[in-house]
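Spelled out, the chains give:
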Amino acid sequence: MTIMNRLTAKQSRHCRHLFHKRAPSSSQASMPHTLDVLPSRRGNVGIITLNRPNALNALNMEMIRALNHTLPQFRADTSLRALLVEGCMTKRGKPVFCAGGDVKAVYMAGKEAFQRDDSLGDTPLAGIPADFFREEYIMNHMIATWPDSCPQISIWDGIVMGGGVGLSIHGKFRVATENTLFAMPETAIGLFPDVGSMYWLPRLQGGIGNYIGLTGTRLKADDLIYSGIATHYIPSENVSAFKGNLVEISKGIHNDGNDEVKKSEVSQLEDILTKYSSQDIDPSQSFLAKNRTSIDSAFCNVNQVEDIVLNLEQDGGEFGSKTLTQMRKMSPTSMKVTLEAIKRGNSLRDVASSLVMEYRLSQGFMQRPNSDFYEGIRALLVDKDNSPRWNPTSLEQVSNELVLSFFNSLGDNDLSLPSSKL
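Attention in this report is confined to the structure presented alongside it. Keep in mind that this is a model prediction, so the values were computed, not measured.

## A closer look at the environment of P147
Here's step 1: On the secondary structure map, P147 appears in the loop between α4 (128-144) and β4 (152-156).
Here's step 2: Residues P147 and K172 lie 25 residues apart in sequence; the distance between their C-alpha atoms is 9.9 Å.

Here it is in structure tokens:
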């Protein structure tokens, strides 16, 4: 019995609609061994199912490496008409897409490195603190440059956060359901919204990008449709039928290399998405829509986080009060670095350039032994006291010099991607 047959039988009670035909493999021996990513194929649809339900499908290093092994094979298969990315259900039967990256593993590796050698501060770290972000960003870039002839469709049925956003946001179609809960909560753990977020956040309308990036606000399907973060809304009960129809349609699509034919193929996929989309939600009644004036007033066209705080203090309403409460829980350093990165991201020409910048930022947080990242993870995931002691403790104490230091080139350790020179 093959590895794929064994894992499919073992894991099927946790996952919906796994398909038994294996993804093509040029080197079985070199394929990363993990049950947490299940690649498959049905019709002319390549399928990736995230299968780590006990961790809400959070991406660990093994999963990232498995994806970086599988995605190029799917990309090279010119017979595929679509790439479908989904998450399995939890043991309790709740849908989940991906709750982020396994930042606790990164934390543990970084702390161990500093314990072995306390002179490492401000020097590049090797191992997981460097490799995790590098390899994840390579995966993000692969998705961002995915061929138009095989559009990615991500089913956001459940939690979509952090690394799960990076796995899907750069794809062509993002499908929300009534179960979708979306957030980029990194400033709460002393980090910043990464995985290419500094490219798409500044391209949202008004102050929405700054608001999402700084506060980590959780968004629902109507917010995502309103903002354009999600492209379609399909009720969860219709997702299975949608996928079945997608597979059947894919069998009849044949690519002869003609650009007009390719456009027609994508149009057929869009027609299926439209067919199963629902008007049950009203984006004009979403949280973002109802608070759009306040969001723009506080977060749009600002130079520093202190300006946002002042705007919120002058808001005088419930939105201003609640948002201030949110922001006072976040790392001051993370918020200042995030706002500066969003401003710079607005002028970057592609996702690759954003990922290069973000890799520098990630390593800035990793290589400082007393950085807010290590404190944030300690408070949230290790000691779980939910009382991080940020350093510096206030926005006013975070100097411009400190913020700019995160953007310094890493020299030979910079992330290298096609078309990625800053």
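Read on for the rest.
## Considering helix α2 (residues 61-76)
Side chains that are three or four residues apart share a direction in an α-helix, a result of its 3.6 residues per turn.
Here's step 1: In this model, α2 (16 residues) spans 23 Å end to end at C-alpha, consistent with the 22 Å of a helix rising 1.5 Å per residue.
Here's step 2: For α2, the secondary structure elements touched by its buried residues are β1 (37-42), β2 (45-50), β3 (82-87) and α4.

## Description of the environment of M184
Here's step 1: You can see M184 is positioned in the loop between β7 (181-183) and α6 (197-200).
Here's step 2: Through-space distance from the C-alpha of M184 to that of G164 is 9.7 Å; in sequence the pair is 20 residues apart.
Here's step 3: Apart from residues lying up to four places away in sequence, M184 is in contact with G162, V165, P193, D194, V195, S197, W200, I212, G213 and G216.

## What to know about the side chain of D222
Here's step 1: The topology assignment puts D222 in helix α8 (residues 221-227).
Here's step 2: No salt bridge is formed by the buried D222; its nearest oppositely charged neighbour, K220, is found at 7.2 Å.
Here's step 3: In this view, D222 contacts I281, D282, P283, Q285 and S286; residues no more than four positions away in its chain are not counted.

## Notes on the packing of aromatic side chains
How two aromatic rings sit relative to each other is given by the distance of their centres and the angle of their planes.
Here's step 1: Under the counting rule described, the total for this entry stands at 14 aromatic pairs.
Here's step 2: Ring geometry for Y137 against Y359: centres 6.3 Å apart, planes inclined by 85°, an arrangement best described as edge-to-face. Of this pair, Y137 sits in helix α4 while Y359 sits in helix α16 (residues 351-366), and the two are 222 residues apart along the sequence. This pair shows no difference in class: Y137 is buried, exactly as Y359 is.
Here's step 3: Aromatic ring contacts, followed pair by pair, group Y107, F114, F373 and Y374 into a single cluster.
Here's step 4: Across the ring face of Y199, the terminal group of R203 is positioned such that the distance to the ring centre comes to 3.8 Å.

## Re unusual backbone geometry
Here's step 1: A cis amide bond links N391 with the next residue in sequence, P392, at an omega value of 0°.
Here's step 2: You can see P392 is positioned in the loop between α17 (372-382) and α18 (400-405).
Here's step 3: Even without a glycine there, the phi angle at N386 is positive, about 55°.
Here's step 4: In this fold, N386 is placed in the loop between α17 and α18.

## Some points on the pairing of β3
Here's step 1: Counted residue by residue, β3 has six buried out of six residues, so it is predominantly covered.
Here's step 2: Across the two faces of β3 the burial is the same, with A82, L84 and E86 and L83, V85 and G87 all buried.
Here's step 3: One ladder, built from six bridges, connects β2 with β3; its direction is parallel. Residue I47 lies in a different strand from β3, and its bridge partner there is L84.
Here's step 4: With α2 bridging β2 and its parallel neighbour β3, the resulting β-α-β unit is right-handed.
Here's step 5: In this structure, β3 lies alongside β4, joined through three bridges in parallel fashion.

## Observations concerning the pattern of salt bridges
Here's step 1: Per the stated rule, a full pass over the model turns up 16 salt bridges.
Here's step 2: For the salt bridge of E306 with K336, the shortest nitrogen-to-oxygen distance reads 2.7 Å. Pair noted here: E306 is in helix α13 (residues 305-315) and K336 is in helix α15 (residues 332-345), with a separation of 30 residues, a long-range link.
Here's step 3: Since its relative accessible area comes to 14%, K336 is described here as buried.
Here's step 4: With a shortest N-O distance of 3.6 Å, E340 and K343 are connected by a salt bridge. Remark: K343 and E340 occur in helix α15; sequence separation between them is three residues, near one turn of the helix.
Here's step 5: Accessibility expressed as a relative area gives 19% for E340, which makes it buried.

## Focus on the nonpolar core
Here's step 1: Grouped together as the largest cluster of nonpolar side chains are 93 residues, with contacts concentrated most on L71, W156, F182, W200, I229, F299 and F373.
Here's step 2: Top contributing element to this core by residue count: α16, with eight residues.
Here's step 3: Non-local contacts of I229, meaning those with residues more than four positions away in its chain, are made with W156, I169, R174, F182, W200, L204, I212, L219 and L224.
Here's step 4: Counting residues in each nonpolar core, the second largest holds 18 residues, with V45, L84, F173 and V239 among its members.

Criteria and cut-off values
Residues numbered from 1 in each chain as written. Predicted model: local features only at pLDDT ≥ 70, side-chain atom pairs only at ≥ 80, totals over all residues. Heavy atoms only, no water. Helix = DSSP H or I, 4+ residues; strand = E, 2+ residues; numbered from the N terminus. Expected span 1.5 Å × (residues − 1). Contact = heavy atoms within 4.5 Å. Buried < 20%, exposed > 50% of the residue type's maximum accessible area, 1.4 Å probe, protein only. Lys, Arg positive; Asp, Glu negative; His and termini not counted. Salt bridge = Lys/Arg side-chain N within 4 Å of Asp/Glu carboxyl O. Phe/Tyr/Trp six-rings, centres within 6.5 Å; stacked < 30°, edge-to-face > 60°. Lys NZ or Arg CZ within 6 Å of the ring centre and 35° of its normal. Pairing = 2+ DSSP bridges. Right-handed = clockwise from strand over helix to strand, strands pointing away. Core = buried A, V, L, I, M, F, W, Y, C linked by side-chain atoms within 4.5 Å.

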